[in-house]
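The lines below spell out each chain.
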Amino acid sequence: MARKLSILSLLLAVVFVCGLFERAVTGASRAGKKKAKAVPSQAEGLAAASESPFPGERGRQLDLFSRDDIWDKEGSHFLAKFVKVPRDQVVGFALYAHDNGVLKMTAQLYPLRTGEARAVRLELKKNGQWREVAKAPVIYPGWSAHFRIERWDNTRDVPYRVRHGEKAMFEGLIRKDPIDKDEIVVGSMSCTSNADRGDRDALVEKLLKQNPDLLFFAGDQSYDHTEHTASWLLWGHQFREVIKDRPVVAIPDDHDIGQGNVWGEGGIVADSTAGDSGGYFYPAEYIRLVQRCQTWHLPDPVDPAPIAQDIPVYFTRLRVGGVDFAILADRQFKSGPKDKIPQMGPRSDHIRESGYDPKKIDLPGLQLLGDRQMAFLDWWGQDWTGARMKAVLSQTAFCGAVHLHGSKDNRLLADLDCNGWPQTGRKKALEALRRALACHLCGDQHLAVIVQHGIDDFRDGPFGFTNPAIVNSYYARWWWPEDEAPGANPIPDSPLPWTGDYLDGLYNKITMIAYANPTFDNIKDMRASQRDPAAVLGDGYGLIRFHKKTRQITFECWPRYANLNEGDQAQYPGWPFTFKMEDNDGRKIVGYLPEVVVNGAPDPVVQVVSEADGDILYTQRIQGSRFRPHVYGPGTYTVKVGRDRPDAWSATGLRPDAKDAKPLTVRLK
């Protein structure tokens, strides 16, 4: 692997062998601590600069290891040493994505010295020659630079390199859109804990062999709460060989912005790093830095107005090879629980009161995704331009598919950090996914699971896949029903004992299909074995395969140290799992409307609307020219048809299974 013997890699190896696994955590941890020692500290050799780029007392200790004055100081902390690289290595890595004719790229630099150029250059290789196409300033704090190229030709592979000065560069390949591939593959990851500062080679080498078309990092790329830039640079160094040659979606979660949990509540100021009051604890300048480094390269936000404190939004869409991904910022608008709902456990976000009434916490006015993101999902679900299948990417799961938190001694009924709460918001979000026949991919929970969501009934909603933690020795979780009994209608022939229909601790209906429990009882033992290939830690990554011709979706779950030569036997028990795109709407079909025959457009878009209440049942791109719309109850319906949106033709007053119903012929121009 490139730079294998570089100074950075040697330093990583030395640090790992010596066992220096710092837990640089500030604020409330997931284990429920209300306070933790701030790290780094002056005792480690770096005092806060007199002029911080972040205002106020809360900003004084932020990003110390990546300030522009670090060259005058000696720091003993691993990250303080890590960021001081040879000057021919100051371009750390780059991230890119392209959609709708626009290429966006972020270049991430290590801290620059006084007098060094504060600009980088983007070069593309065309006809065998390198040609400079853009320059961009290096933004401080954060040391990132950003390129935007319009009228991008996505039909060919283009080598690129980002350069600083005469010698420093980072090279990769901007891939063409894989529209000609039948199978589009996504690698799904999150939670790369600082409990392990070493390399991620075992995981990266597998990804390079499996060659995904898109990488999705669902959050917690940084666990060094007050040191995002240095920790982000470490993340990029660990994954640089796989991120350099394919589009990447990276979205920040709570640890990235320095909090134990985050309920953004539209950008207000939080009262502690626990985050349960709602909002962001650290200055908005720090939040903007995190989001700029991780999300700037994504396609432009569909609704770009910032939230409070001028914090940007990043929810958007990205199409790769005909699969349309809605990217959500599912923490930014969510209400915090503190002082809004009754406390029924040791913390405002933890419930242990068995048999409580869920209506006590599902109160009017509480937000999950917020009105703006719900409007986005409504529009996105009806627009199939460039899309044959759809999926939603977000930070966390729309349910509480976990029982034991941190250790097997800590059983919670419900954790309000997940998107299973508030329940009304969850229902609206899942209905939006179901209308688009979209599955859901996420991280955050540390426990890999596959569920089929129930909205009104079990199994009537979309499928969700929560990927495992990349490093799971920070805060593990287990699916472990208290009665140790399977749910109703367990999965046939499953190797797992606890599958089937359950209510989660928020009384949401879920069907457990697969889960990847660690075989350990506590974090201490897991950390001692975190690099043992034989240890079952529940760590690793997800791989999702979208089969466009058959419209099937396959979820795969690979341990960090899996041996690919063993094939599917190397995956966690219960994986792989394959289902049809149409199964994301699990409602019972009770009738059919007249067949629609479409001329003039291949594979058009069809929408069915209930006339009783105006609700959209579903919008989908059909295969071929003939489709008989299905419905879930009696009444009258409107059918709409179009090339990419259902906006070119409609018929009203249609009833299911009407006698002597003739096909409806549609001619699209």
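Residues numbered from 1 in each chain as written. Predicted model: local features only at pLDDT ≥ 70, side-chain atom pairs only at ≥ 80, totals over all residues. Heavy atoms only, no water.

The secondary structure content of the protein amounts to nine helices and 34 strands. Taken over C-alpha atoms, the radius of gyration comes to 25 Å for the protein, in line with the 26 Å a tight globule of 669 residues would show. Taken along the three principal axes of its C-alpha coordinates, the protein extends 85 × 65 × 50 Å. Counting only residues that meet the buried cut, the protein has 63% of its 669 residues in that class. Sequence-distant contacts, at least 24 apart, represent 70% of the contacts inside the protein between residues at least 6 apart. In the form shown here, the protein has an accessible surface area of approximately 24400 Å², with 50% of it arising from carbon and sulfur atoms. Measuring between centres, the 86 positive side-chain charges of the protein sit 4 Å from its 86 negative side-chain charges. (Helix = DSSP H or I, 4+ residues; strand = E, 2+ residues; numbered from the N terminus. Rg over C-alpha atoms; globule rule 2.2 N^0.38 Å. Buried < 20%, exposed > 50% of the residue type's maximum accessible area, 1.4 Å probe, protein only. Contact = heavy atoms within 4.5 Å. Areas by Shrake-Rupley, 256 points an atom, 1.4 Å probe, with all protein chains shown as cover. Lys, Arg positive; Asp, Glu negative; His and termini not counted. Charge placed at Lys NZ, Arg CZ, Asp CG, Glu CD.)

This paragraph deals with the environment of Met344. Positionally, Met344 belongs in the loop between strand S12 (323–327) and strand S13 (350–351). Those residues within four positions of Met344 in sequence are excluded, and the remaining contacts are His350, Ile351, Arg352, Glu353, Tyr356, Lys360 and Ile361.

All right, on to a nonpolar patch on the surface then. A cluster of nonpolar side chains, Leu413, Phe458, Leu503 and Tyr507, forms an exposed patch at the surface whose accessible area comes to about 310 Å². One can find Leu503 in strand S21 (residues 500–503). For Leu503, a relative accessible area of 48% gives the class partly exposed. (Patch = residues over 30% accessible without salt bridge, like charges linked within 9 Å, V, L, I, M, F, W, Y side chains within 5 Å. Salt bridge = Lys/Arg side-chain N within 4 Å of Asp/Glu carboxyl O.)

If a probe as big as a water molecule is rolled over the atoms, it shows which places are left empty. Here the largest pocket is characterised by a volume of approximately 440 Å³. The wall of the largest pocket is formed by 19 residues, among which His403, Arg411, Leu413, Glu482 and Leu503 lie closest to the centre. Class assignment of the residues belonging to the lining of the largest pocket gives a composition of 10 nonpolar, four polar and five charged. (1 Å grid on protein atoms, 1.4 Å probe; cavity = no way out; pocket = protein on both sides within 12 Å on 5 of 7 lines; lining within 4 Å. Points joined across faces, edges and corners; volume = space filled by probe spheres on them. Nonpolar A, V, L, I, M, F, W, Y, C, P; charged D, E, K, R; others polar.)

Neighbouring strands of a sheet are bound in pairs by backbone hydrogen bonds; such pairs are parallel or else antiparallel. Ordered in space as S10-S9-S8-S23-S24-S25, the six strands form an open sheet in which the pairing is mixed. Whereas interior strands pair on both sides, the edge strands pair on one side only; in this sheet they are strand S10 (248–250) and strand S25 (577–580). Averaged over all pairs of adjacent strands, the angle between strand axes in this sheet comes to 20°, irrespective of strand direction. Contacting strand S8 (183–189), strand S9 (214–217), strand S23 (541–547) and strand S24 (552–558), helix H4 (residues 201–210) crosses the sheet at an angle of about 10° to S23. (Pairing = 2+ DSSP bridges. Axes fitted to C-alpha atoms, helices over the stretch in contact; angles between N-to-C directions.)

Before going further, it helps to examine the packing of aromatic side chains. Across all of its chains, the model carries 28 aromatic pairs by this definition. Here Tyr140 and Trp143 contribute two aromatic rings whose centre-to-centre distance is 5.0 Å and whose plane-to-plane angle is 55°, an arrangement assigned as tilted. In this structure Tyr140 comes out as partly exposed when scored by relative accessible area, which is 24%. Its relative accessible area of 0% is what places Trp143 among the buried residues. Geometry around Trp296 places Lys104 over its ring, the cationic atom sitting 4.5 Å from the centre. Seen from the ring of Trp384, Lys390 lies directly overhead, with NZ or CZ sitting 5.0 Å from the centre. (Phe/Tyr/Trp six-rings, centres within 6.5 Å; stacked < 30°, edge-to-face > 60°. Lys NZ or Arg CZ within 6 Å of the ring centre and 35° of its normal.)

So, on to the pattern of salt bridges. Charged atoms that come close allow side chains of opposite charge to pair. A complete count under the given rule lists 44 salt bridges for this structure. Where Arg347 meets Asp349, a salt bridge forms, and the shortest distance between an N and an O atom there is 2.7 Å. Pair check on accessibility: Arg347 and Asp349 agree, each one buried. Here the salt bridges share partners, and the residues they tie into one network are Asp196, Asp199, Arg200, Arg531 and Arg560.

This paragraph deals with the packing of H4 against helix H5 (residues 228–243). With their axes 9 Å apart at the nearest point, H4 and H5 run at an angle of 10° to one another. In terms of axis orientation, H4 runs roughly parallel to H5. Classified by chirality, the crossing of H5 by H4 is right-handed. Contacts from Leu203, Val204, Leu207 and Leu208 of H4 reach H5 at Gln238, Phe239, Glu241 and Val242. The residue makeup of the contact of H4 with H5, split by class, is six nonpolar, one polar and one charged. (Parallel < 35°, antiparallel > 145°, perpendicular 65-115°, else oblique. Left-handed = near helix turned anticlockwise from the far one by under 90°.)

Once that is clear, we can look at the environment of Phe82. With respect to the secondary-structure elements, Phe82 resides in helix H3 (residues 78–82). Given the relative accessible area of 0%, Phe82 is considered buried. Counting along the chain gives 96 residues from Phe82 to Pro178, while the straight-line C-alpha distance between them is 37 Å.

The subject of this paragraph is the packing of helix H7 (residues 370–382) against helix H8 (residues 423–435). Geometry of a packed helix pair, given as the angle between the helix axes and the separation of the axes. For the pair H7 and H8, the least separation of the axes is 9 Å and the interaxial angle reads 15°. As summarised for this structure, H7 and H8 are arranged roughly parallel, according to the angle between their axes. Crossing of H7 against H8: the hand is left-handed. Contacts between H7 and H8 involve Met374, Leu377 and Asp378 from the former and Lys428, Ala429, Ala432, Leu433 and Arg435 from the latter. Counted by class, the contact of H7 with H8 contains five nonpolar, no polar and three charged residues.

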